[in-house]
Amino acid sequence: MEPLQRLSAQAVTLAYGRRLVAQELTAAIPHGGFTVIVGPNACGKSTLLRALARLLSPRAGQVLLDGRSIANQPTKAVARQIGLLPQTSIAPPGIAVEDLVARGRYPHQSLLQRSPERDRAAVVEAMAATGVSDLAEQAVDELSGGQRQRVWIAMALAQDTDIILLDEPTTFLDIAHQVEVLELLTSLNRRGKTVVAVLHDLNQAARYASHLIVMATGRVVTTGAPSEVMTEALVSQVFGLPCLVLPDPVTGSPLVVPRRAERTD
């Protein structure tokens, strides 16, 4: 008997208004893994992530958290289990790093029950884990792109959830900062966090993920370990890209090398 998945989408139909994005889509997130969702533009990757985070209600089917429909669970209870870093995050003008990170504690606070010591400890620990402790008093809008992304991840960490969802966390970052963020997420995963990220770069996905969900046109094409699913046939089928798939010389993970188009002149 397979172990119960903590988070999964079961035959969900997802849409924005009249625009249908996915129909009868099923995807399971392995507990304790680093799952990366990949696929062509507009295939439904971010839409699936929004559904898993309960930001988008399925037209049909359901998202399950711990075996129960996520739609029927209290908002704060879900927020204590799942943290989300959306694709575009905008901080209030002039807000200091520490104050932004502290906002991650909202799901644990109420009018009748507060724990300032626990909240403060969680904020300090989150900033230390993401390497932004020395930026605590700086304004978020004065930071570099890589620093800001670390601060947003720190806020998600301060939320103290077992599951962290990230929508394109490396977008707009240079290659050095992309690697920095992915190494940070790997470190968090090794500490026990279940990490789910949408990425565009196939080689980064193959290098860092323990589990891939490959999507195309609103459906899941295949899932599994990168070494099992990242093949030349798959890349050609899903992305229309002729390529070679070779062992990464550093990690041994699949490395996608595009073939040059044949010249006709």
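Just above, that's the structure.
Read on for a plain summary of the structure.

Calculation rules
- Residues numbered from 1 in each chain as written.
- Predicted model: local features only at pLDDT ≥ 70, side-chain atom pairs only at ≥ 80, totals over all residues.
- Heavy atoms only, no water.
- Pairing = 2+ DSSP bridges.
- Helix = DSSP H or I, 4+ residues; strand = E, 2+ residues; numbered from the N terminus.
- Axes fitted to C-alpha atoms, helices over the stretch in contact; angles between N-to-C directions.
- Contact = heavy atoms within 4.5 Å.
- Parallel < 35°, antiparallel > 145°, perpendicular 65-115°, else oblique.
- Left-handed = near helix turned anticlockwise from the far one by under 90°.
- Nonpolar A, V, L, I, M, F, W, Y, C, P; charged D, E, K, R; others polar.
- Salt bridge = Lys/Arg side-chain N within 4 Å of Asp/Glu carboxyl O.
- Buried < 20%, exposed > 50% of the residue type's maximum accessible area, 1.4 Å probe, protein only.
- Core = buried A, V, L, I, M, F, W, Y, C linked by side-chain atoms within 4.5 Å.
- Arc of directions from axis to C-beta.
- Polar contact = N/O pair within 3.5 Å; in protein donor to acceptor, adjacent residues only side chain to side chain.
- Phe/Tyr/Trp six-rings, centres within 6.5 Å; stacked < 30°, edge-to-face > 60°.
- Lys NZ or Arg CZ within 6 Å of the ring centre and 35° of its normal.

**As for the sheet that holds strand 7 (residues 163–167)**
(1) Moving on: With respect to topology, six strands assemble into an open sheet ordered 6-7-8-3-9-10, the strand pairing being mixed. Every interior strand has two partners, whereas the edge strands, strand 6 (82–85) and strand 10 (219–224), have only one. Each strand of the sheet is rotated relative to its neighbour by a mean of 15°, with strand direction disregarded.
(2) Moving on: Taken together, the five bridges between strand 7 and strand 8 (residues 194–198) define a ladder with parallel strand orientation. Across the sheet, residue isoleucine 163 finds its bridge partner in strand 8, namely threonine 194.
(3) Moving on: Lying on the sheet, helix 1 (residues 45–52) is in contact with strand 3 (34–38), strand 6, strand 7, strand 8 and strand 9 (211–216); it crosses strand 7 at an angle near 150°.
(4) Moving on: Sitting on the sheet, helix 9 (residues 232–239) is in contact with strand 9 and strand 10, with an inclination near 160° to strand 10.

**Looking at the packing of helix 4 (residues 116–130) against helix 5 (residues 145–158)**
(1) Moving on: For the pair helix 4 and helix 5, interaxial distance at closest approach is 8 Å and the crossing angle is 140°. Judged on the interaxial angle alone, helix 5 and helix 4 are oblique. In this structure, helix 4 meets helix 5 at a crossing whose hand is right-handed. Of the residues in helix 5, those in contact with Ala122, Val123, Ala126, Met127, Ala129 and Thr130 of helix 4 are Arg150, Ile153, Ala154, Leu157 and Ala158.
(2) Moving on: Considered class by class, the residues forming the contact of helix 4 with helix 5 number nine nonpolar, one polar and one charged.

**As for the pattern of salt bridges**
Side chains that carry opposite charge are capable of pairing whenever their charged atoms lie near each other.
(1) Moving on: Overall, the coordinates contain six salt bridges when judged by the stated rule.
(2) Moving on: Residue glutamate 98 is joined to arginine 120 by a salt bridge in which the shortest nitrogen-to-oxygen separation is 1.9 Å. Note that glutamate 98 is positioned in helix 3 (residues 97–102) and arginine 120 in helix 4, a separation of 22 residues in sequence.
(3) Moving on: Salt-bridge contacts for aspartate 119 lead to arginine 105; the nearest nitrogen and oxygen are separated by 2.9 Å. With aspartate 119 in helix 4 and arginine 105 in the loop between helix 3 and helix 4, the pair connects residues that are 14 residues apart, well separated along the chain. Each of the two residues, aspartate 119 as well as arginine 105, counts as buried.
(4) Moving on: Residues joined by salt bridges that share partners form a network here, namely Arg6, Asp66 and Asp162.

**Some details on the nonpolar core**
(1) Moving on: The biggest cluster of nonpolar side chains holds 52 residues, and the ones touching the most others in it are Val97, Val101 and Leu185.
(2) Moving on: For this core, the leading source of residues is helix 5, giving eight residues.
(3) Moving on: Dropping the residues within four chain positions of it, valine 97 is found in contact with Met127, Val132, Leu135, Ala136, Gln138, Val140, Leu143 and Val151.
(4) Moving on: Core analysis: the next-biggest nonpolar cluster, separate from the first, contains 27 residues, Ala27, Leu48, Ile163 and Leu165 among them.

**A look at helix 9**
(1) Moving on: Regarding helix 9, the residues found buried are Leu234, Val235 and Val238. Viewed end-on, helix 9 has its buried residues packed into an arc of 95°, placing them on one side of the element. Facing away from the buried side of helix 9, by more than 90 degrees, are the exposed residues Ala233 and Gln237.
(2) Moving on: Downstream of helix 9 by a residue or two, glycine 240 has a phi angle that is positive, lying close to 65°.

**Considering the environment of glutamine 81**
(1) Moving on: Relative to the helices and strands, glutamine 81 resides in the loop between helix 2 (75–79) and strand 6.
(2) Moving on: Taking the C-alpha atoms as reference points, glutamine 81 and isoleucine 164, 83 residues apart in sequence, are found 8.6 Å from one another.
(3) Moving on: One polar contact links glutamine 81 to arginine 6, side chain to side chain, over a distance of 2.7 Å.

**What to know about the packing of aromatic side chains**
How two aromatic rings sit relative to each other is set out by the distance from centre to centre and by the angle between their planes.
(1) Moving on: Scanning the entire structure with this criterion turns up zero aromatic pairs.
(2) Moving on: Between lysine 76 and the ring centre of tyrosine 106, over which it is positioned, the NZ or CZ distance is 4.5 Å.

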